[in-house]
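# Fold and contact review
The chain contents come next:
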Amino acid sequence: MSEYELYYWPGIQGRGEFVRLALELAGIPYRDVARLPEGKDGLKPLMYFLDGKAMGHAPFAPPFLKAGGLVIGQTANILMFLGARHDLAPSDEAGRLWANQLQLTIGDFVAEIHDTHHPVASGLYYEDQIEEAKKRSKDFLKARAPKYLRYFERILARNEAGPAHLIGDRLTYPDLSLFQTLTGLRYGFPRAMAALEKKLPLTVALHDRVHAHPKIAAYLASPRRIAFNEQGLFRHYPELDRPDRK
Ligand SMILES: N[C@@H](CCC(=O)N[C@@H](CS)C(=O)NCC(=O)O)C(=O)O
């Protein structure tokens, strides 16, 4: 049995994907627990934690990672842990905090991306909040997405070690997360992103570099990579991807 167990909903990339990418880049074997065949493991162990049966540091929501005796929740927290253990982040205090800060900002961005299709309530169907989703998406595409994306473009431009990475001169986990966010936005909002990306040459170059990394390329081509779909975080609803709407 491998040392790491990832607990996340089966069938979607979601926030679990940020953790999967880090595990894949580091070449760490892991069990994607809820994706194991039903009856063998399946959702049961995930629900054990979420139903409040677990003692100790019980997570509120997936993703969470079991590493030996540790159960670690919150995407940014998991990545901070993996970053330190597997050299996916700087080792000095300032660098570790900077990586965590960038990841938390991506987490904020991701929450707003989710709210484009679920602006009223996560527990309601998309079909029950389409009009609000259209309003939310309009503002998201006009104001929020450009603001976040230009921020990351600026961080790349100002990296003292060069604009190829967010931090220093090598890949760290925030690079993977920015890659995933851009990939997801392209899936969800292809029309809007085609226009926005014209002003994001460094972010697009980073995306291409991550995509071409041998370990990431192998993962993306493998059955372990779940396709985007309309149950996940990044969803494609053409009626929300209307950057021209006044
Ligand atoms: N801040 C948490 C958010 C976790 C989260 O929202 N998880 C979603 C799936 S991506 C979930 O299942 N939430 C259940 C809930 O909020 O009740 C993180 O970044 O890990």
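Structure's up top.
The text that follows walks through the structure, step by step, so that each part is easy to find. (Residues numbered from 1 in each chain as written. Predicted model: local features only at pLDDT ≥ 70, side-chain atom pairs only at ≥ 80, totals over all residues. Heavy atoms only, no water.)

### Points about unusual backbone geometry
Selection rule: Only DSSP runs of H or I reaching four residues or more are called helices, and only runs of E reaching two or more are called strands; each is numbered from the N terminus.
Residue P63 is reached from P62 by a cis peptide bond, and omega for that bond is 5 degrees. Relative to the helices and strands, P63 resides in the loop between α2 (44-50) and β3 (64-67). Even without a glycine there, the phi angle at Q74 is positive, about 75 degrees. For Q74, the position within the fold is in the loop between β4 (70-73) and α3 (75-85).

### A few points about the site of the ligand
The following threshold applies: Put simply, a residue is near a molecule or strand once any heavy atom of it comes within 4 Å of that molecule or strand. Contacts described as polar in this section are N or O atom pairs within 3.5 Å, which, within protein, must combine one atom able to donate a hydrogen with one able to accept it, while residues neighboring in sequence count only if both atoms come from side chains. Areas reported here follow the Shrake-Rupley algorithm with a probe of radius 1.4 Å; residue values treat only the protein chains shown as occluding.
Around the ligand, the neighbouring residues are Y8, W9, R15, F60, A61, P62, P63, Q74 and T75. Residue Q74 places a side-chain N or O atom 2.6 Å away from a nitrogen atom belonging to the ligand. The contact in question runs from an oxygen atom of the ligand to an N or O atom on the side chain of T75, over 2.8 Å. About the coverage of the ligand: the protein hides 62% of its 500 Å² of free accessible area.

### Topic: the side chain of H207
Here H207 lies in helix α8 (residues 201-212). Within polar-contact distance, the side chain of H207 engages the side chain of T183 at 3.3 Å. In terms of polar contacts, H207 uses its side chain to reach the side chain of D208, at 2.9 Å.

### Thoughts on helix α5 (residues 130-158)
Just so we agree on the cut-off: By this rule, a helix spans an expected 1.5 Å times one less than how many residues it contains. Two axes define the bend at a residue: one fitted to the seven residues ending there, one fitted to the seven starting there, and the bend is the angle between them. Buried means the residue's accessible area, taken with a 1.4 Å probe over protein chains only, is under 20% of the maximum for its type, while exposed means over 50%, and partly exposed covers the values in between.
Helix length check: α5, at 29 residues, gives a terminal C-alpha distance of 39 Å against a target of 42 Å (1.5 Å per residue), a fit within 8%. A maximum bend of about 50 degrees is found in α5 at F140. Among the residues making up α5, those that are buried are A133, S137, F140, L141, A145, P146, Y148, L149, F152, E153, I155 and L156.

### Some words on the packing of aromatic side chains
This is how it is decided: Only the six-membered ring of Trp is used, alongside the rings of Phe and Tyr, when aromatic pairs are assigned; centres must lie within 6.5 Å, and planes under 30 degrees apart are stacked while those over 60 apart are edge-to-face, with the rest tilted.
This model, assessed by the stated rule, comprises twelve aromatic pairs. Measuring from centroid to centroid gives 4.8 Å for Y7 and F64, while their planes differ by 10 degrees, and the two rings are stacked. Of this pair, Y7 sits in strand β1 (residues 4-7) while F64 sits in strand β3, placing them 57 residues apart in sequence. Just as Y7 is buried, F64 falls in that class too. Seen from their ring centres, F109 and F140 are 6.1 Å apart, and the 35 degrees between their planes marks the pair as tilted. Here F140 lies in helix α5 and F109 lies in helix α4 (residues 93-117), a separation of 31 residues in the sequence. Residue classification places F109 among the buried residues on the basis of a relative accessible area of 0%. Through a chain of ring-to-ring contacts, three or more aromatic side chains come together here, namely Y7, Y48, F49 and F64.

### Examining the nonpolar core
Applied cut-off: To form a nonpolar core, buried Ala, Val, Leu, Ile, Met, Phe, Trp, Tyr and Cys residues must be joined to one another through side-chain atoms within 4.5 Å.
Counting residues in hydrophobic clusters, the biggest one holds 59 residues, and the most contacted among them are Y4, L82 and L185. Core analysis: the next-biggest nonpolar cluster, separate from the first, contains seven residues, V33, L46, F49 and A54 among them.

### Let's talk about α3
Defined as follows: Only heavy atoms enter the contact rule, under which two residues are in contact if any of them lie within 4.5 Å.
Residues of α3 that are buried include every one of T75, A76, I78, L79, F81, L82 and G83, and no others. Where α3 is buried, its residues touch β1, α1 (16-26), β3, β4, α4 and α6 (173-188).

Everything listed is a geometric property; what it means functionally is a separate question.
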